[in-house]
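In case you want the letters, here they are:
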Amino acid sequence: MPELYLRLLDRIMTPVLLVFSIVLLLRGHNEPGGGFIAGLVVAAAFELQILSRGEAVVRGSIGAYLQPLIGIGLSIAALSATLGVLYGNFFKGVWWDLHWGAVSLELSTPLFFDIGVFMVVFSIVTSYLLGLSQREE
Amino acid sequence: MTLSPNWLAAPIVIPMLTAALSLAFTRWNRRTAAKRQRNLAAIAIGLNLLVALLLLVYTLSGNRLVLQMGGWAAPFGITVIADGLTAILLTLTGLVAAAMLPFAVGTLDQRERMSFYPLMLFLLMGVNGAYLAGDLFNLYVFFEVLLMSSFVLLTLGGQAGQINGGIRYVVLNLVASVLFLAAAGLAYGALGTLNMAHLALRIPQAPVAVQTLLAGLLLIAFSSKAALFPLFFWLPSSYHTPHPVVTAFFGGLLTKVGIYALFRTFTLLFPLYLVEWQSLLLTIAGLTMLTGVLGALAANTMRRVLSFQIISQVGYMVMGLGLAGSSDATLASFGMAAGIFYLIHHMVVEVALLMVGGATELEVMSGSLLQRRLGGLMGRRPALAVIFFVAAFALAGMPPTSGFVSKLSLLQSALQNGNYVIAGVSLLVGALTLVSMARLWQHGFWGKATEPIYPTAPLSSVSGRWLTLTPIAALLTLSLTIGLYSAPFFRWSSTAAQQVLDREGYIQAVAPTDEIHFMGGEAHD
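## Description of the side chain of Gln162(B)
Residue and element names in this part refer to chain B.
Phase 1 of the analysis: In this structure, Gln-162 sits in helix α6 (residues 160-191).
Phase 2 of the analysis: A polar atom in the side chain of Gln-162 sits 3.0 Å from the backbone oxygen of Leu-156.
Phase 3 of the analysis: Those residues in contact with Gln-162 that sit more than four places away from it in its chain are Arg-111, Leu-154, Thr-155, Leu-156, Gly-157, Thr-241, Pro-242 and His-243.

This is the structure:
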């Protein structure tokens, strides 16, 4: 059952939460933030969707992708840890600075590890929330 | 021979990565997902066993292998360490998993399609990680990994009995986890470190109250995980509820992690308490053996009897730990070696027995020893009967199986130490084990058949028969090999025992520092 105020809140807050989570994810290595917290923020956005639009709608849109996302996230995290082996040590951080003219991009295995954690956390917490809001018929 | 320490990450990463990949597959082509998961699991389990064997060869020549993750020196980074005991346990875990895979293919019902193989791999990752962890907190984390996957495996399928057993299992294990976490928090608060080598250096300087509290909390937490008297209730109330494959997998792996943690912490962190509490440990061991075997005599279904037997057998390993608390170094080393040797024997034989017991239950879809529900399988399933007979003999400690030599070495160690009471108890329990095995034999295989064989029973088809019975036969062959050629196996156990008791060597290998020191060159700002 759609709740008017919640839908309004959902319209305003969901984009904010999603953008905020990306910010948290990217600043995570040296400042407060990181994949885990960003994942929780995304899960909060999905919880808002569940409350305003109902569990069935959310399950229909992303439910089937959650388990594969857990697997993919775990694989990314494990592979980025294993990449360090090529540079001497398991879990060793590897950093790349990429430049294309004015654009410069700093990539690193800790970032990929965090992205993996992010995917695992938001998929697992969202599937918990979906499970908890399921009603017995 | 030198070995790159990065190999130590393999027993954790291989199962984790394969499980993650096979989870990612489920979305596409759901129908064949189970088959692909099974193939991936076979690859992972094979690779894991190979790496474990490599580590075994390396460590049993007297080496330790230490990996400081990310190049951060000991107390600041994550330490992963393998010595003889770790490598022996990794190899046995790999063997058990390798035996379990064909057995699972042969016997599993629709539960195979409920992500059984990824869960099995996650459990394997947790067990491997717990053996390798070089600090208390990662030991806790890997305990949780294996517990989480075991919760799901236990209730996979969601039958009423499974949920009932699962709740007890979850609650009692969580209580033990909380105690363990409290101990880790206490260690960090009072001593400022969680690295085990660093703790081993700092614990002797701590106040006696802190030492005693820490040793006591860890003893309670690990005894509960290892199903020791009086904290074993979760085991017999849950192990008979899931599918027999899961029971066999749990019976082979889970309690042994608790035993390993006891071996490691008491020899490394609390050598004084090992001596001081020797009589306590031996009392716990004796009571565990006795209550386990008495429970097995009273229990009324096949797998409940075998679950109680796990408890009884775990007591023998703690007896080895207790005997390692002898003040004489040679006797202590002999006691430890006997305990490790028993661990080797037990992991092989208990898994084989739980597998054959499970296969028996699946034949008539009942494990009840009452009202002649089982019975008469001797004529109808002769191969199963022979395998059961050998496995039961091995568990009861009859020559020429590994059970005989392993019980004998423990007995000899106890007599040399002058611990006559525990020696007597272990003999009595051995005799009672034989009685309980005879009871299973009498109810399960002798007598007239009353129940028809279940139409889809695994042993009805030729391929099912091969898949189910070959791994059990292979494990029993290993048990007979250990029994007949016990000298090399005991020598390896002694090497492992000496390494476990050599605290200085462990501390030197990890080399904890008090200064932050990055080994990988320049640190990134």
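## Examining the interface of chain A and chain B
Phase 1 of the analysis: With 20 residues of chain A in contact, the opposing surface of chain B contributes 22 residues.
Phase 2 of the analysis: Buried surface at the junction of chain A and chain B, summed over both partners, amounts to about 1,800 Å²; 69% is from carbon and sulfur atoms.
Phase 3 of the analysis: Summed over the three residues of chain A that lose the most area to chain B, namely Gln67(A), Leu74(A) and Phe90(A), the buried surface amounts to 29% of that side.
Phase 4 of the analysis: Taken together, the connections running from chain A to chain B amount to zero salt bridges.
Phase 5 of the analysis: Residues that form the side of chain A that touches chain B fall into these classes: 12 nonpolar, six polar and two charged.

## Let's talk about a nonpolar patch on the surface
Phase 1 of the analysis: On the surface, Ile163(B), Ile167(B), Val171(B), Leu172(B), Val175(B) and Phe233(B) cluster together into a nonpolar patch covering about 530 Å² of accessible area.
Phase 2 of the analysis: Its location among the elements puts Val175(B) in helix α6.

## Notes on the pairing of strand β2 (residues 79-82) of chain B
Residues and elements named next belong to chain B.
Phase 1 of the analysis: Side chains Thr-79 and Ile-81 of β2 all project onto a buried face; the interleaved residues Val-80 and Ala-82 project onto the opposite face, where all are buried too.
Phase 2 of the analysis: Two elements, strand β1 (residues 65-68) and β2, share four bridges in a ladder whose sense is antiparallel. Each bridged residue has a counterpart across the sheet, and for Gln-68 the counterpart in β2 is Thr-79.

## Describing the nonpolar core
Phase 1 of the analysis: In terms of nonpolar packing, the biggest core is built from 202 residues, with Met100(B) and Phe116(B) touching the most fellow members.
Phase 2 of the analysis: In terms of residues, this core owes the most to one element, helix α14 (residues 329-364) of chain B, which gives 20 residues.
Phase 3 of the analysis: If you look at the next biggest cluster of nonpolar residues, it comprises 16 residues, including Leu17(A), Leu25(A), Ala38(A) and Ala45(A).

## Thoughts on unusual backbone geometry
Phase 1 of the analysis: With an omega dihedral of 0°, the bond running from Phe229(B) to Pro230(B) counts as a cis peptide bond.
Phase 2 of the analysis: Note on placement: Pro230(B) falls in the loop between α8 (208-225) and α9 (234-238).
Phase 3 of the analysis: Here the bond from Pro399(B) into Pro400(B) is cis, since omega is 5°, no more than 30 degrees from zero.
Phase 4 of the analysis: Phi angles above zero are rare outside glycine, and Phe91(A) is one such case at about 75°.
Phase 5 of the analysis: Take Phe91(A): it is sitting in the loop between α3 (55-83) and β1 (95-100).
Phase 6 of the analysis: Positive phi outside glycine occurs at Ala227(B), with the angle close to 60°.

Calculation rules
Residues numbered from 1 in each chain as written. Chains lettered and ligands numbered in written order. Predicted model: local features only at pLDDT ≥ 70, side-chain atom pairs only at ≥ 80, totals over all residues. Heavy atoms only, no water. Helix = DSSP H or I, 4+ residues; strand = E, 2+ residues; numbered from the N terminus. Polar contact = N/O pair within 3.5 Å; in protein donor to acceptor, adjacent residues only side chain to side chain. Contact = heavy atoms within 4.5 Å. Buried area = accessible area lost by both parts, 1.4 Å probe. Salt bridge = Lys/Arg side-chain N within 4 Å of Asp/Glu carboxyl O. Nonpolar A, V, L, I, M, F, W, Y, C, P; charged D, E, K, R; others polar. Patch = residues over 30% accessible without salt bridge, like charges linked within 9 Å, V, L, I, M, F, W, Y side chains within 5 Å. Areas by Shrake-Rupley, 256 points an atom, 1.4 Å probe, with all protein chains shown as cover. Buried < 20%, exposed > 50% of the residue type's maximum accessible area, 1.4 Å probe, protein only. Pairing = 2+ DSSP bridges. Core = buried A, V, L, I, M, F, W, Y, C linked by side-chain atoms within 4.5 Å.

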